[in-house]
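Here's the letter readout for the chains.
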Amino acid sequence: MEVDVWLNVGREGMCFTYSDNSQLGVDLGDLVRVRLRGRSMNGLVVARRRSLSSSNQKTNKSQIDKHSLADVEALVQQAAVDSQWREWLEDMATQCHISSFRMLKTALPPGWLGQRNLSNTENKRFWWISLEETFIKDVDLTRRQKELENVLRTCGGGAWQKDLNKQGFSFGIIKTLVSEGRVKRTKRKFINEADFLREGLDVVPQELEEHQSLTDEQEIAIKTFDATLPGAALLLWGVTGSGKTEVYLQIAAKELAAGRNCLILAPEIGLIPQLVDRFTRRFGSKVLEYHSGCSEKERVRNWRKILAGAKPLVLVGTRSAVFLPLAPLGLIVLDEEHDSSYKQESPMPCYHARDMALARAARTGARVILGSATPSLSTWKNLSPNGPITLAKLSRRILTQSLPAVHVVDMRAELAAGHRRLISRYLMQKLAQLPEKGEQAILLVPRRGYSSFLSCRSCGEVVQCPFCDVALTVHKGEEGQQWLRCHWCDHRSQIESSCSECGSYAFKPFGAGTQRVMDLLEQELEGVKFLRFDRDTTGGRHGHRSLLEKFAAGEADVLIGTQMLAKGIDLPRVTLAAVLAADGLLHRPDLFASEQSLQLFMQLAGRAGRGDLPGKVLIQTYCPDHPVILHLVDGRYEQFLEKELKLRKEAGLIPFSRACLLRLSGESAAITATAAAAVAEQIKPICSTNGWLLVGPAPALIARVAGKSRWQLLLHGPEGSALPLPQGSELWAGLPQGVSLSVDPDPLRL
């Protein structure tokens with residue numbers, strides 16, 4: 001039997017023919033291990049046929065030798081790619097303007113297509129010692145044997161032998177109790193503490209959480225979902241704290257009972273721990289997670305559990321989990337559906353997980369829940385009767401707490417009163433009162449690091465990254481040492497003692513990041529404890545969980561962080577949420593600036609007052625009359641959406657039109673600019689024929705990153721129309737060596 005194997009060779013992959021002489025039973029969609037030029041590689045079987053020698057019995061020996069093929073070495077995963085799942089992927093590849101191979105490589109677990117060997121993904125097996133349920137009680141035991149039995153009871157009935165050995169229990173003691181029938185010794189897969197509950201061990205029975213009682217609005221939302229047709233979508237618009245997660249849980253329970261799998265998506269890894277905990281308490285071993293924080297072997301192991309289909313599962317993950325081959329698939333939830341992190345910008349394929357989920361549901365008959373307190377404009381536009389999405393509202397918090405009041409601090413008045421500090425007097429007063437009241441606060445700072453940039457006060461020179469067209473950010477270590485870091489390419493350097501332009505020693509950091517704000521507050525507010533919550537402090541898989549647990553345990557009064565603070569944090573003692581510098585977010589040169597700023601502020605506001613005490617939101621701004629601030633104060637998000645939709649419709653802007661961004665990058669600025677001009681000439685006739693407007697080429701907003709020059713072309717066209725681009729690899733065929741091109745359909749950053 002001959003098989004064609006798709007290998008990760010070249011930009012688009014290549015097919016090579018192998019023989020299944022070992023009779024492994026290789027079939028279409030299998031993942032196999034083969035050798036190519038002496039290298040062991042994993043590849044996908046895409047074709048299968050009878051070999052030349054077996055189909056023609058008259059073939060002589062010389063012909064057989066001439067057509068001899070290398071053998072498939074091993075079957076890595078049977079039926080790794082289902083035909084229906086692959087058809088959906090190919091449709092998505094066409095929409096993202098990328099080859100089927102690159103889309104497939106994105107969808108599969110890292111390392112499965114390539115040279116890495118991830119075949120040994122199962123946990124190792126170790127000896128497990130457990131108490132027998134029935135044994136003779138009047139047998140005399142030594143002191144150490146009694147101690148061993150007490151340890152096993154304390155551990156819930158069983159423990160790993162290696163752990164017992166560490167506690168001083170020899171193998172002889174264990175062996176004696178085994179021979180007397182008092183304990184049992186068996187081999188089990190070793191699992192870490194994080195995976196313990198989800199592995200479903202028999203020794204320690206797991207008590208699952210019961211369903212919570214529902215409010216009238218939650219019951220209506222579930223009935224509305226039940227009434228939707230297969231393949232349909234529901235927008236669950238609920239204020240923060242209204243119980244959206246409980247709605248997800250009870251709908252998921254119905255799907256699992258019907259034998260269907262559930263996929264729960266969150267925009268960022270930081271939101272995964274809370275969702276995993278909630279779903280695990282309800283569904284136990286049926287819950288798995290899949291995201292970049294998991295190891296490669298763990299992702300492969302979970303993928304295989306899905307393919308095995310032994311029981312319906314709940315998969316919790318970030319946007320990449322939308323590709324998981326769950327079948328049958330009953331429910332897809334996108335929590336915080338408005339979040340821009342659901343959009344993949346780089347590398348290709350540039351996809352939006354919401355669009356992928358809706359397309360997959362339409363094909364498989366699964367149903368989608370889009371959950372948010374601040375729905376996106378594009379989702380709102382597609383609500384029934386104007387679109388296919390049904391609306392369910394949760395307008396009240398679960399415990400009938402009122403939504404937090406919004407207080408706006410006019411920083412112009414602070415300046416006029418002679419107060420020139422970053423933090424207003426009113427906010428300082430509120431923070432100082434926290435320890436006495438036993439309350440907590442969260443403080444949003446738009447930037448991480450110590451200061452936004454370092455500037456020479458003599459000549460005005462700003463210290464730039466040598467590889468990017470951006471200023472270096474000042475960072476500060478625990479011992480007070482400062483250094484410079486680029487947040488685009490991660491270049492780092494020490495702060496020089498003098499200006500490279502004029503030689504002056506008058507260096508001064510400008511702007512404030514999370515580090516500097518924390519330093520300032522620690523100096524001003526004695527007795528108030530602080531924690532920092534940003535990308536620099538939440539490294540590792542459990543970094544977010546660890547910091548939030550510390551804050552929840554009362555180790556700090558104030559949590560200072562970046563935008564991740566506003567997403568999904570549920571801390572009952574938080575009564576104050578504050579934004580230090582709202583203006584930097586409001587005045588970004590971006591079509592989506594107002595929408596995204598209001599979403600962020602309202603999400604942050606929802607973190608306050610979730611317990612028994614009322615909450616308050618404080619916004620520091622120099623523009624208190626900005627429409628976003630006014631809508632934040634009155635809380636009428638629906639009115640904001642209607643106004644924004646009207647403005648965009650009149651101007652023919654997204655979502656009443658489509659956009660596409662072509663990004664080019666190369667070492668040489670001149671060659672990259674020339675390549676961009678050539679691409680523009682290539683697509684200009686297609687754009688003109690299909691009613692699309694071509695803007696550019698022009699340098700990107702950040703014209704150089706990691707030493708590479710960046711140019712872009714913006715395409716703007718009719719709503720619902722196909723991208724005016726040539727099919728296949730034609731767009732890349734004429735690019736000079738060293739210049740890359742990416743296609744981003746419907747970008748969120750213009």
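Just so it is clear, the model here is predicted, and its values are computed rather than measured. (Residues numbered from 1 in each chain as written. Predicted model: local features only at pLDDT ≥ 70, side-chain atom pairs only at ≥ 80, totals over all residues. Heavy atoms only, no water.)

Draft legend 1. Seen up close, the overall build of the protein chain. From N to C terminus, the protein chain includes 25 helices and 30 strands. Counting all 750 residues of the protein chain, 49% fall into the buried class. Relative to all contacts within the protein chain whose residues are 6 or more apart in sequence, the contacts with residues 24 or more apart total 75%. (Helix = DSSP H or I, 4+ residues; strand = E, 2+ residues; numbered from the N terminus. Buried < 20%, exposed > 50% of the residue type's maximum accessible area, 1.4 Å probe, protein only. Contact = heavy atoms within 4.5 Å.)

Draft legend 2. Quick look at the sheet that holds strand S30 (residues 739-745). Read from one edge to the other, the open sheet built from four strands follows the order S28-S29-S27-S30, with strand pairing classed as antiparallel. Every interior strand has two partners, whereas the edge strands, strand S28 (693-705) and S30, have only one. Direction aside, the axes of adjacent strands within the sheet are offset by 20 degrees on average. Lying over the sheet, helix H24 (residues 669-689) contacts strand S27 (657-666), S28, strand S29 (708-718) and S30, oriented at roughly 15 degrees with respect to S29. (Pairing = 2+ DSSP bridges. Axes fitted to C-alpha atoms, helices over the stretch in contact; angles between N-to-C directions.)

Draft legend 3. Main features of the nonpolar core. The biggest cluster of nonpolar side chains holds 113 residues, and the ones touching the most others in it are Phe601, Leu662 and Leu715. Per-element tally for this core: the top contributor is H24, with seven residues. When near neighbours in sequence (up to four residues on either side) are disregarded, leucine 662 contacts Val679, Ile683, Trp711, Gln712, Leu713, Leu715, Leu725, Leu741, Ser742 and Val743. (Core = buried A, V, L, I, M, F, W, Y, C linked by side-chain atoms within 4.5 Å.)

Draft legend 4. Here's a closer look at the sheet that holds strand S3 (residues 31-36). Sheet architecture is open: five strands sit in the order S2-S1-S4-S3-S5, paired in antiparallel fashion. On the outer flanks of this sheet lie strand S2 (14-19) and strand S5 (74-77), each paired with one strand and no other. On average, each strand axis in the sheet is inclined to that of its neighbour by 50 degrees, with strand direction left out of account.

Draft legend 5. Main features of the side chain of glutamine 344. By secondary structure assignment, the location of glutamine 344 is in the loop between strand S13 (329-335) and helix H13 (353-364). Of the residues examined, glutamine 344 reaches a relative accessible area of 11% and is grouped as buried.

Draft legend 6. Main features of the packing of helix H5 (residues 143-154) against helix H7 (residues 171-179). Contact geometry for H5 and H7: axes closest at 10 Å, N-to-C directions at 80 degrees. When the axes of H5 and H7 are compared, the pair comes out roughly perpendicular. Across the interface between the two elements, Arg144, Gln145, Leu148 and Glu149 of H5 pack against Ile173, Ile174, Thr176 and Leu177 of H7. For the contact of H5 with H7, the per-class residue count stands at four nonpolar, two polar and two charged. (Parallel < 35°, antiparallel > 145°, perpendicular 65-115°, else oblique. Nonpolar A, V, L, I, M, F, W, Y, C, P; charged D, E, K, R; others polar.)

Draft legend 7. Region of the structure containing the packing of aromatic side chains. Inspection of every chain in the model, using the stated rule, returns ten aromatic pairs. Each ring, one from tryptophan 88 and one from phenylalanine 323, has its centre 6.1 Å from the other, and the planes form 50 degrees; the classification is tilted. In this pair, tryptophan 88 sits in helix H3 (residues 83-95) while phenylalanine 323 sits in the loop between strand S12 (314-317) and S13, placing the two residues 235 residues apart along the sequence. Judged by its relative accessible area of 0%, phenylalanine 323 is buried. (Phe/Tyr/Trp six-rings, centres within 6.5 Å; stacked < 30°, edge-to-face > 60°.)

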